[in-house]
Amino acid sequence: MANGQWYPREWPDLIRALADGTLTPVTPRRAATVMLLKDTGTGPVVHMLRRRTSMAFAGGAYAYPGGGVDPRDDDHHVHWAGPTRAWWASRLGVGETEAQAIVCAAVRETYEEAGVLLAGPAPDAVVGDTTGPEWEADRAALVARDLSFAEFLERRGLVLRSDLLGAWTRWITPEFEPRRYDTWFFVAALPNGQRTRNASTEADRTVWIRPAEAASSYDNGELLMMPPTIATLRQLTPYATAAEALVAAPDRDLTPVLAQARLEDDEIVLSWPGYDEFTKHIPTGGAPA
C-alpha cells in the first residue's frame, strides 16, 4: 500500500454483494467525533488515538476521540450554554432533540476517551482539573452507560459549553459496511487547565501531532487512517491557531460524504465524492488497485 489508507480485505466481496442485491444496507448509527486542538510555538497540534489492533472496526487506525450517540440525550434536559438547540439543529441538519444528542455525544466522548470536559459551573466558565477518584468514577459510569450525560452534568452542577465546539464536516460509513455511522466531526480547543490522557479502552496510544506531520506520515504509509480522518487533517493544515479553525467552522459545508461503488467494465470503482485520492479500482475477481 503506497499510503496509510485503511482498507479492509472484505470490502470487495461486500461491494459485490451490494451491487448484486444480496446485501441490504444497515441504518447508520448517529455518532460524533472531536478534533481537539492545542496551540504550540510551531502551530496547532491535534489529539489523536490509535485504535487497538484487536478492534473489529478500524483496528490499528489513528482517529479522534468519538463514538455513538446515547439515545437518552435526545430527551433529557441538559443545562446548555452557547448557540441554541435551534441554531445547532439548523447547522447540523437535524431536529432540535437530535442536535442536542449529537452535541452531547461530542462533549461526552471527548471526556470519556481523552479526559477533557467542555463544560463548566457557569455559561462563561470551564472546569479545570478533571482527574481524581470521584471524577474517574463518574467517567467510568458514563462509559458503561450506567449514568447519562444529563445526569452527570446535573450531579456536578455543570453547563454544557456548546460554544466551545465548531461543526466541521459529516461523513457516513459506506452502505456495504456492516457497522455504519453517520458521524459529525467537530473542532475544539483544549481548555486552559485541562490535559489529555488515554482514558479509552479502545486505544493503545495517544499523540499530539501537527496535522501536516500526521498527513505526511499517512502519505508515507507510516500511520494508518480512514478516509475522513486524513481528509480532515489536510483541511486543518492552513490554520495557524486553534482559534482560527474554530472561527472557520461555521462556514464549513456539512453535506454528508458517502462513498459510492459502481461497476465499470471488469472492475468495481469505489469513490468518495469530492475526494479523488481515496478512489479504488477493484477487479471483479481480484484485489483493489
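This write-up is about the structure you can find in this document.

Conventions and cut-offs
Residues numbered from 1 in each chain as written. Predicted model: local features only at pLDDT ≥ 70, side-chain atom pairs only at ≥ 80, totals over all residues. Heavy atoms only, no water. Salt bridge = Lys/Arg side-chain N within 4 Å of Asp/Glu carboxyl O. Buried < 20%, exposed > 50% of the residue type's maximum accessible area, 1.4 Å probe, protein only. Helix = DSSP H or I, 4+ residues; strand = E, 2+ residues; numbered from the N terminus. Arc of directions from axis to C-beta. Contact = heavy atoms within 4.5 Å. Pairing = 2+ DSSP bridges. Axes fitted to C-alpha atoms, helices over the stretch in contact; angles between N-to-C directions.

**Describing the pattern of salt bridges**
(1) Moving on: Under the criterion given, the structure shown has 15 salt bridges.
(2) Moving on: Note that Glu109 and Arg108 form a salt bridge whose closest N and O atoms lie 3.0 Å from each other.
(3) Moving on: When its relative accessible area of 5% is taken as the criterion, Glu109 is described as buried.
(4) Moving on: Assessed through its relative accessible area of 1%, Arg108 is described here as buried.
(5) Moving on: Close ionic contact of Asp138 with Arg156 constitutes a salt bridge, the shortest N to O distance being 3.0 Å. Taken together, the positions of Asp138 in helix H4 (residues 133-143) and Arg156 in helix H5 (residues 149-156) put the pair 18 residues apart, joining distant regions of the chain.
(6) Moving on: Judged by its relative accessible area of 7%, Asp138 falls in the buried class.
(7) Moving on: The network of salt bridges with common partners includes Asp73, Arg108, Glu109, Glu112 and Arg145.

**Here's the deal with helix H2 (residues 85-92)**
(1) Moving on: For H2, the set of buried residues is Trp88, Ala89, Arg91 and Leu92. With its buried residues spanning 165° around the axis, H2 presents them on a single face.
(2) Moving on: If you follow the buried residues of H2, they end up packed against strand E5 (80-81), helix H3 (96-114), strand E8 (165-172) and strand E9 (181-189).
(3) Moving on: Gly93 sits one or two residues past H2 and shows a positive phi near 75°.

**Side note on unusual backbone geometry**
(1) Moving on: Phi at Arg145 is positive, roughly 65°, even though this residue is not glycine.
(2) Moving on: Along the polypeptide, Arg145 turns up in the loop between H4 and H5.
(3) Moving on: Given a relative accessible area of 28%, Arg145 falls into the partly exposed group.

**A few points about the sheet that holds strand E14 (residues 275-283)**
(1) Moving on: An order of E12-E13-E14 is seen for the 3 strands of this open sheet, with the pairing classed as antiparallel. Edge strands, defined here as strands with exactly one partner in the open sheet, are strand E12 (260-264) and E14. Within this sheet the neighbouring strands show an average axis-to-axis angle of 25°, counted without direction.
(2) Moving on: Alignment of E12 against strand E13 (residues 267-272), held across 5 bridges, turns out to be antiparallel. What sits directly across from Ala261, in E13, is Leu270.
(3) Moving on: Against the sheet, helix H1 (residues 11-19) contacts E12, E13 and E14, and its axis sits at roughly 100° relative to E13.

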